[in-house]
Amino acid sequence: MDPEGGGLYRNQIKKESWRTVLTLAYQSLGVVYGDLSTSPLYVYKSTFAEDITHSATNEEIFGVLSFVFWTLTLVPLIKYVFIVLKADDNGEGGTFALYSKLCRHARVSFLPNSQIADEDLSTYNNKKDGGSTDQSGGTKFRNRLKTTLEKYKVLQRVLLVLALIGTCMVIGDGILTPAISVFSAVSGLELSMSKEHHKYVEVPAACFVLVCLFALQHYGTHRVGFIFAPIVVIWLLCISGIGIYNIFHWNREVYKALSPHYMYIFLRKTQRRGWMSLGGILLCITGSEAMFADLGHFSQLSIKIAFTSFVYPSLILAYMGQAAFLSKHHDMGSDFPIGFYVSVPERIRWPVMVIAILAAVVGSQAIITGTFSIIKQCNALACFPRVKIIHTSSKVHGQIYIPEINWILMVLCLAVTIGFRDTRRLGNASGLAVITVMLVTTCLMSLVIVLCWHQSVLLAICFIFFFGTIEALFFAASLVKFLEGAWVPIAIAFVFLVIMYVWHYGTLKKYEFDLQNKVSINWLLGLGPSLGIVRVKGIGLVHTELVSGIPAIFSHFVTNLPAFHQVLVFLCIKSVPVPFVRPEERFLVGRIGPKEYRIYRCIVRYGYRDIHKDDLEFEKDLVCSVAEFIRSGRQDILGGLEEPDKQGERMTVVGTSSTHTEGIQFCEDNGEPTRASTPSPRELREIQSPVVVPRKRVRFLLPESPHMDASAREELNELMEAREAGMAFILGHSHVKAKRGSGLMKRLVINVGYDFLRRNSRGPTYALNIPHASTLEVGMICYV
């Protein structure tokens, strides 16, 4: 799959044939449903752990089954499959996809680097996403809601914190899900060993599997992904087959428990104990969020087909089978172990346990990969410290590995496994993380219904009231068990929330400082044609976060060293609130000052799911985009491309070199064009650099262009000469400090928290592989 712009046409490709859809549905079983399919391992064991285990009768067992059935029906099936999946962001899903969608329809993003030109992106679709527009006062309310969100910063902070809480709970789920899945899978050993022995084997065996799981992450999911779907298929067939066997062998009347009447009987009889046991029932929908979060890898239709035709009925049969078995064995005493393995016939228990461990590993792999993906999205939107992101597959989009996060997850996962050594407390912790993410999704979806879908506010209220009430009930039942394990996801989420908010706050304050202290273009023009400084050969790339004006770091540099390169490019790499930016819309290029100054501005736009190219490819695309801008001679203002400070800069949309089918081509060293298909030599003219002994041979191949004047040709020659002389990178190294007189909290956040995170995080993405000999860092203190 093409990493650049691969998401744009994904849905069109997927809808070509039913064969494609069914293939994607099969593949989704291993990626999306691994976590959800392993929930039968621990749901009954967590539900009957303490609260109702000693008094369990058929009414309680049937009541739990009724709760499980309707929870699976209402949340994964109705909410996610039929509603939430439709709220995709250009084919992408997840908490940040909803937040990104809202940022486009209402200006609630904090970083003020958005441009009107970004709204002209083909993936920046802020029109109605579906459904009919409500005309009976809905438009007036929608506009009032949008205005209110854009006016009050506190509401924008609440929306951001809400998205961050959902993200932090996903990270917590990435820690707890592998722990409870693997621990529950190996718990089958208790039926084959004495109680004195199995407790010394369970924890080491679970830890061994977890260490192996995290140690293999750097190989990438794609290397072992081909076995994921078969494992989940075998597992689902296994549990559904066992369920059918138990239903016919033990209790054929178990289907009556599907009636919601048994839920009422259950709560009436068990009262407070039954309400507290809802935290265990909640675990039956663990992994449901993955249907939406992993939407970018598949299509809506494929995920719906996989769930409704295979996953959902298999899970229902599995739970019914367990309930049928328990209904005939609940009177065997308090020492009788209630769990998945007791309902498995003894002669196949060992093979089933092996399949269960493999399925648990697959489910854990899915949530770990999902954690990597959501951290990458946060990183792209300046909500997480910069980390090293490794793309483990050049063909499969989204397969990434983050070493720092992987080892942090492993250590925390081992800590909770060794610390709890109990399915019940692990279930309490995991349940709270799961239901919190779902509550956040419900809240954001209610805003999407009004602001993005242009539906009636009454529909949004009904949505949040119905699903919010169900989830709030489960949330309260999980929160009650705070001291029994539920404190873990809260503690984990709090730590990550502080880290993310401190980083976002510090980044925002630094950007505001740069914005307030930027140097006007008039200052540069006032230096005169000679600019009052020495111009040396080569291309100077000045990295800046600003989309307009001259950064203060550059004036600081020129003041102390009055010399810079013959070609100067102010480079801004920014993220826009879309998942992908098409390659032909990647660059915005403009000129600063008159032509003879040879100073350009280049804004490189990435979506939060885009893959950043390596430094060599990036340099070629950058030089080629500037060359194409010079050749075309266009300086558009159409679509609002004029800079917001009205200082005369005009920007032109220029694609990557691979998209210039009729434009300029860039050759280096080997003389081959960078794009895939080489035009006929008769259609191209060659411009070669006048440098006699170049460091590297650079050529531009152009199509016949009779309108290109001599000044443009001279400018291209100078650009080639500068590229051959070399490229230098001027990076700002800002020390952010709180102003004198700032409050204690601000000083702690900026001087301690943000400074610590900045010193221990990675540099800018594109600058990670830049040779040190080509880098010049300019230090500056920013008082915010």
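Note that the coordinates shown come from a computational prediction; the quantities given were computed from them, not determined experimentally.

### Brief notes about the overall build of the chain
Then, in step 1: In terms of regular secondary structure, the chain is built from 26 helices and twelve strands.
Then, in step 2: Within the chain, the fraction of its 784 residues that count as buried is 58%.
Then, in step 3: Expressed as a percentage of contacts within the chain between residues at least 6 apart in sequence, the contacts between residues at least 24 apart total 82%.
Then, in step 4: A total accessible area of about 31,700 Å² is found for the chain, and carbon and sulfur atoms account for 61% of it.

### Some remarks on the side chain of T177
Then, in step 1: Looking at the secondary structure, you find T177 in helix α8 (residues 153–186).
Then, in step 2: Classification of T177 by relative accessible area gives buried; the value is 0%.
Then, in step 3: One polar contact links T177 to D173, side chain to side chain, over a distance of 2.5 Å.
Then, in step 4: Aside from chain neighbours lying at most four places away, what touches T177 is D35, T286, S364, I367 and S430.

### Side note on the packing of helix α17 (residues 349–380) against helix α18 (residues 403–420)
Then, in step 1: With their axes 11 Å apart at the nearest point, α17 and α18 run at an angle of 135° to one another. Here α18 runs oblique to α17, going by the angle between their axes. Remark: the crossing between α17 and α18 carries right-handed chirality. Here I368, T371, F372 and I375 of α17 lie close against α18, whose contacting residues are I405, N406 and L409.
Then, in step 2: In terms of residue class, the contact of α17 with α18 is made up of five nonpolar, two polar and no charged.

### Remarks on empty space enclosed by the protein
Then, in step 1: Per the counting criterion, the structure on display carries eight cavities of 30 Å³ or more.
Then, in step 2: Considering only enclosed or pocket space, the largest cavity measures out at about 370 Å³ in volume.
Then, in step 3: Looking at the lining of the largest cavity, the elements that each hand over two or more residues are α8, α15 (290–293), α17 and α19 (423–451).
Then, in step 4: Here the element with the most residues in the lining of the largest cavity is α17; it accounts for seven residues.
Then, in step 5: Residue composition of the lining of the largest cavity, by class: twelve nonpolar, ten polar and five charged.

### Re the packing of helix α21 (residues 487–516) against helix α26 (residues 744–759)
Then, in step 1: Here α21 crosses α26 at 100°, and the two axes come no closer than 9 Å. Here α26 runs roughly perpendicular to α21, going by the angle between their axes. Note on element contacts: α26 touches α21 through K746, V749, I750, G753, Y754, L757 and R758, opposite I499, V502, W503, Y505, G506, T507 and K510.

### Describing the nonpolar core
Then, in step 1: The biggest cluster of nonpolar side chains holds 163 residues, and the ones touching the most others in it are Y33, L72, F307, Y319 and M445.
Then, in step 2: Residues in contact with Y33, not counting those within four places in the same chain, are S28, V232, M291, I303, A306, F307 and V311.
Then, in step 3: Counting residues in hydrophobic clusters, the runner-up holds 28 residues, among them F513, A552, V558 and V736.

### Comments concerning the pairing of strand β11 (residues 727–737)
Then, in step 1: As paired strands, strand β3 (residues 534–543) and β11 are joined by four bridges and run parallel to one another. Each bridged residue has a counterpart across the sheet, and for G540 the counterpart in β11 is A728.

### What to know about unusual backbone geometry
Then, in step 1: Even without glycine at this site, Q271 takes up a positive phi of about 55°.
Then, in step 2: Inspection of the secondary structure puts Q271 in the loop between α12 (261–270) and α13 (272–276).
Then, in step 3: Of note in the backbone geometry, R421 takes a positive phi value of approximately 50° without being a glycine.
Then, in step 4: Along the chain, R421 turns up in the loop between α18 and α19.

Analysis parameters
Residues numbered from 1 in each chain as written. Predicted model: local features only at pLDDT ≥ 70, side-chain atom pairs only at ≥ 80, totals over all residues. Heavy atoms only, no water. Helix = DSSP H or I, 4+ residues; strand = E, 2+ residues; numbered from the N terminus. Buried < 20%, exposed > 50% of the residue type's maximum accessible area, 1.4 Å probe, protein only. Contact = heavy atoms within 4.5 Å. Areas by Shrake-Rupley, 256 points an atom, 1.4 Å probe, with all protein chains shown as cover. Polar contact = N/O pair within 3.5 Å; in protein donor to acceptor, adjacent residues only side chain to side chain. Axes fitted to C-alpha atoms, helices over the stretch in contact; angles between N-to-C directions. Parallel < 35°, antiparallel > 145°, perpendicular 65-115°, else oblique. Left-handed = near helix turned anticlockwise from the far one by under 90°. Nonpolar A, V, L, I, M, F, W, Y, C, P; charged D, E, K, R; others polar. 1 Å grid on protein atoms, 1.4 Å probe; cavity = no way out; pocket = protein on both sides within 12 Å on 5 of 7 lines; lining within 4 Å. Points joined across faces, edges and corners; volume = space filled by probe spheres on them. Core = buried A, V, L, I, M, F, W, Y, C linked by side-chain atoms within 4.5 Å. Pairing = 2+ DSSP bridges.

Coordinates in, geometry out; function isn't part of it.
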